[in-house]
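# Observations on chain architecture
Letter by letter, the chains look like this.
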Amino acid sequence: IIENGGGRLEIVSSPPGNDFYGSDKSPDYPEVSVVNIRPKDPVVISVVVSPKVSIVERGDTHKFSAVVEGLNGPAQEVTWSVTGASDEKTKIDKDGLLYISPDESETSLTVTAKALTDPAKFAEVYVTIPAVIGTGILGVKISPSSLVAKKGENYQLDATVLSSKNSDDTAVSWSVQGGGANTSISPNGLLSVAKDEEASTVTIIATSQADTGVAGELPVMVTPNEVKVMFLANQPEASVPGNNGKEYFANGREAAIEVIKDWVGYIDSQGNGIYLFGCTAKDDSPQNEGYEKHRQLGRRRADAVREILITEFNVDPRKIVTVGLGYDNPWHKDNGINNLFWNEDAAKENRKTYVLPIGDAVADHLASQNS
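The structure contained in this document is the topic of the report that follows. Because the structure is predicted, anything quoted here is derived from the model rather than measured.

## Observations regarding the pairing of strand E21 (residues 201–208)
- Counting buried positions over the eight residues of E21 gives six, a clear majority of the element.
- Bridge count for strand E18 (residues 172–177) against E21 is six bridges, and the pairing is antiparallel. Each bridged residue has a counterpart across the sheet, and for valine 172 the counterpart in E21 is serine 208.
- By the bridge criterion, seven bridges tie E21 to strand E22 (residues 215–223) in an arrangement that is antiparallel.

## Digging into the sheet that holds strand E13 (residues 122–128)
- Read across the open sheet, the four strands follow the order E6-E13-E12-E9; overall the sheet is mixed. In this open sheet, the two strands that pair with only one neighbour each are strand E6 (53–55) and strand E9 (78–83). Across the sheet, the mean angle from the axis of one strand to that of its neighbour is 25°, orientation sign disregarded.
- Note that E9 and strand E12 (residues 108–115) share six bridges and pair antiparallel.

## Concerning a nonpolar patch on the surface
- Taken together, the side chains of Val43, Ile45 and Leu71 make up a nonpolar region of the molecular surface, amounting to roughly 260 Å² of accessible area.
- Assignment of secondary structure puts leucine 71 in strand E8 (residues 65–71).

## Some thoughts on the nonpolar core
- In this structure, Leu147, Leu157, Trp174, Leu191, Ile204, Leu218 and Val220 are the most contacted members of the largest nonpolar core, which totals 21 residues.
- If you list the elements that add at least two residues to this core, you get strand E14 (137–143), strand E15 (147–150), E18, E21 and E22.
- Residue contacts for leucine 147: discarding those within four places in its chain leaves Tyr155, Leu157, Leu191, Leu218, Pro219, Val220, Met221 and His365.

## A look at helix H1 (residues 253–260)
- Taken together, the buried positions of H1 are Ala256, Ile257 and Ile260. Projection of H1 onto a plane perpendicular to its axis shows the buried side chains occupying an angular sector of 105°, all on one side.

## Some points on helix H5 (residues 361–369)
- Buried residues of H5: Val362, Ala363, His365, Leu366 and Ala367, and no others.
- Contacts made by the buried residues of H5 are with E15, E22, strand E24 (274–279), strand E25 (320–326) and strand E26 (352–357).

## Examining the sheet that holds E18
- As summarised here, the arrangement of the four strands in space is E15-E22-E21-E18, forming an open sheet in which the pairing is mixed. At either end of the open sheet lies a strand with only one pairing partner, and these are E15 and E18. Averaged over neighbouring strand pairs, the angle between their axes works out to 30° when direction is ignored.
- Contacting E15 and E22, H5 crosses the sheet at an angle of about 125° to E22.

Conventions used here
- Residues numbered from 1 in each chain as written.
- Predicted model: local features only at pLDDT ≥ 70, side-chain atom pairs only at ≥ 80, totals over all residues.
- Heavy atoms only, no water.
- Buried < 20%, exposed > 50% of the residue type's maximum accessible area, 1.4 Å probe, protein only.
- Helix = DSSP H or I, 4+ residues; strand = E, 2+ residues; numbered from the N terminus.
- Pairing = 2+ DSSP bridges.
- Axes fitted to C-alpha atoms, helices over the stretch in contact; angles between N-to-C directions.
- Patch = residues over 30% accessible without salt bridge, like charges linked within 9 Å, V, L, I, M, F, W, Y side chains within 5 Å.
- Areas by Shrake-Rupley, 256 points an atom, 1.4 Å probe, with all protein chains shown as cover.
- Salt bridge = Lys/Arg side-chain N within 4 Å of Asp/Glu carboxyl O.
- Core = buried A, V, L, I, M, F, W, Y, C linked by side-chain atoms within 4.5 Å.
- Contact = heavy atoms within 4.5 Å.
- Arc of directions from axis to C-beta.

So, in structure tokens, the structure goes:
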């Protein structure tokens, strides 16, 4: 507002978005007109959504944002919607967070943001969902990853279906190849090795039911229930770090020599040599936690036997291979948990060294898995 040369005030500009209405003479200055100014109503011109291009994987989320453009400060609230989805679990929330269902079969969707105060003004963006090649089943993993089974025993196996879809297609079909008629596996993965099984190796197969072209295999070594056991080994405290100098024999070295001498003839008769497999109880106290520490203890236990065979009985050291199995071995008995259901009798049975001939299928398999 400026004063013109005639002594009147003249409006030459005003704040954006205002209307002028009415005019009155000022009571004090009749020659001056008073102009009333009022704000205009907000006007929505457009809605802008970002990002404009999105690629979202099944099972993932993606955040969108919207700006309402216009005059006089339009409200920024929008309503979100998604169209084109095949699965009702694919949805977008009030804050613009889009979720793609793992089971979504479509490969493209449309996300829309409408101005809350003027729904006729909206913006759309397109979402691409990468196509799944085939069923999305990548593989089947069987656990345990290795197994040496005894004749006449049962073993529970599990299978995990690996999928790029994060789907619920986890079912598998179990089968056995290479075994006798009486060795079988149940629909739930319970393997039963027949007492009369003659094969030294059988193969367990878990096939995805969603894609029968994808399967996992587990070779299983079969061993008799009775395996030559050398002797009970050490006292529990021998496994404590710093006490490696302790004897590794429950009744001392001299008593161990008396036991070992009965095996010297057998060892000498094995033309290819022997394995000494050192085993342990499963001790999860802090100083022994971790399978590798148990395996190292088993190896030291077998090395102690090897030292006696060489120094006391002149057995050719080239004929003796020591292997530490720890508690992961086919002869292990559940000895409980420290301070909770601990079974010392079972623990003593697990502290053993086993002797098997080199060239035996079971022995070679155990050695290759723990070398």
